[in-house]
Amino acid sequence: IKNSKQVISYFNESLQSKQFNILKNCLNIVEDLHNQEKIVVEPNTLMKDINIEFKSKIIKRLDKILPILDYFSFLKRVNNIPIQITHNKIIKKLSTNIISFFEINVKNYCTIHGDCHLSNILIDSNENYYLIDPRGYFGESNIFGINYYDIGKILYSLSGFDELNNRKNHFFIIEDDNILVNINNNMDNYLSLFEKYNVQILIDMVILHWLGLAEYSKNNVHKCVSAYYYGIYLYQKYY
């Protein structure tokens, strides 16, 4: 797509008033995708997919990096906030919230992108928006899934995902038993744009994405450990 750039870089160089418009346009293009087609989802399919995305996948991922996490277990604070909970308890609590919410509120799947953070949305010089690089599945369902998954990925961007992901030389700082993760949370300024959704559920999803990102980033110990502790930090901030 000629003369286009990732929305995240356009967003970062814009004034806040403009940023609100950019996010509204991103939400619109994603919601347009959700409106393309809807299918009725069987309750057991829904339960299986949600359990994969918000529980078993995260647990499996963290199990793979336990040696790294054990090495850093001397840390007792994140960004100077005392750590008061284990990742297992966070996953249990948030997945329970999410599963019970969707069990009641989801009857249909819609066409989804699956990975629409702000680096996977492009904008051209005429301010047209384009979704790129779809993941295209949710749990074990292809092409269709819950609209919340995509909307949560946009909020995930605002919590600092692209910043960490796109930065080549990310580093954390450890002082005694405190880790400074060097990630900026920008969600709070924009939560009003997400009010047609259950914002707490979206935040729960964002926190679980950060815990899952730790394993995804395991080849870069600074990104891996930062993502893990940032997930714990966000949990304590919002709970």
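Rules behind the numbers
Per chain, residues are indexed from 1 in the order of the written sequence. For a predicted model such as this one, the threshold for reporting local features is a pLDDT of at least 70, and the threshold for listing and counting side-chain atom pairs is 80 or more; totals across whole chains, interfaces and linings nevertheless cover every residue. Calculated side-chain values reflect all of the structure's heavy atoms, with hydrogen atoms and water omitted. Cavities and pockets are defined on a 1 Å grid built over the protein atoms alone: a cavity is a set of grid points where a 1.4 Å probe fits but cannot escape, while a pocket is an open set with protein on both sides within 12 Å along at least five of seven lines, and lining residues are those with an atom within 4 Å of any such point. Grid points are joined across faces, edges and corners, and a volume is the space filled by probe spheres set on the points. A helix here means a DSSP run of H or I that spans at least four residues, while a strand means a run of E at least two residues long, and both kinds are numbered starting from the N terminus. By the convention adopted, Pro, Cys, Tyr, Trp, Phe, Met, Ile, Leu, Val and Ala count as nonpolar, Lys, Arg, Asp and Glu as charged, and the other residues, Gly among them, as polar. What is meant by a nonpolar core is a set of buried Ala, Val, Leu, Ile, Met, Phe, Trp, Tyr and Cys residues, joined one to another through side-chain atoms within 4.5 Å. Buried residues are those whose accessible area, probed at 1.4 Å on protein chains only, stays under 20% of the maximum for their type, while exposed residues exceed 50% and partly exposed ones sit between those limits. Contacts are assigned to residue pairs that have any heavy atoms within 4.5 Å of one another. Lines fitted to C-alpha atoms define the axes here, with helix axes fitted over just the stretch in contact, and angles between the N-to-C directions of these axes take values from 0 to 180 degrees. For classification, angles of less than 35 degrees are called roughly parallel, those exceeding 145 degrees roughly antiparallel, those between 65 and 115 degrees roughly perpendicular, and all remaining angles oblique. The hand of a helix crossing depends on one turn: near helix anticlockwise from the far one by less than a right angle means left-handed, and clockwise means right-handed.

> It is not clear to me how the layout of surface pockets should be interpreted in this structure. Could you clarify?
Here the largest pocket defines a volume of roughly 380 Å³. Around the largest pocket, the lining comprises 18 residues; the ones closest to its centre are Arg-61, Asp-115, Arg-135, Lys-153 and Tyr-216. Elements represented by at least two residues in the lining of the largest pocket include exactly helix H3 (43-64), helix H6 (147-158), helix H7 (161-166) and helix H8 (199-216). With 5 residues, the single largest contributor to the lining of the largest pocket is H3. Of the residues assigned to the lining of the largest pocket, the class counts are 8 nonpolar, 4 polar and 6 charged. Of the voids in this model, the second largest pocket is the one considered here, and its volume is about 180 Å³. Residue lining of the second largest pocket: Leu-66, Leu-69, Asp-70, Ser-73, Leu-75, Lys-76, Ile-83, His-87, Tyr-228, Tyr-229 and Ile-232, and that is the complete set.

> Quick question: what am I supposed to make of the nonpolar core here?
What tends to happen in soluble globular proteins is that the nonpolar side chains get buried as a cluster. Phe-54, Phe-102, Ile-146, Phe-194, Trp-210 and Tyr-229 are the most contacted members of the largest nonpolar core, which totals 84 residues. By residue number, the principal contributor to this core is H8, which donates 12 residues. Contacts of Phe-194, omitting those with residues within four sequence positions, involve Leu-27, Ile-151, Ile-154, Leu-155, Leu-158, Val-199 and Leu-202.

> For this particular structure, what's the right way to read the packing of helix H5 (residues 87-105) against H8?
Describing two packed helices takes the angle between their axes plus the distance from one axis to the other. Contact pair H5 / H8: the axes reach a minimum separation of 10 Å and the direction vectors enclose 135 degrees. By the angle class used here, H5 and H8 are oblique. Here H5 and H8 pass one another in a crossing that is left-handed. Facing Ile-90, Ile-91, Leu-94, Ser-95, Asn-97, Ile-98, Phe-101 and Phe-102 of H5, the residues of H8 in contact are Ile-201, Asp-204, Met-205, Ile-207, Leu-208 and Leu-211. For the contact of H5 with H8, the class distribution of residues is 11 nonpolar, 2 polar and 1 charged.

All we've got here are geometric facts, nothing functional implied.
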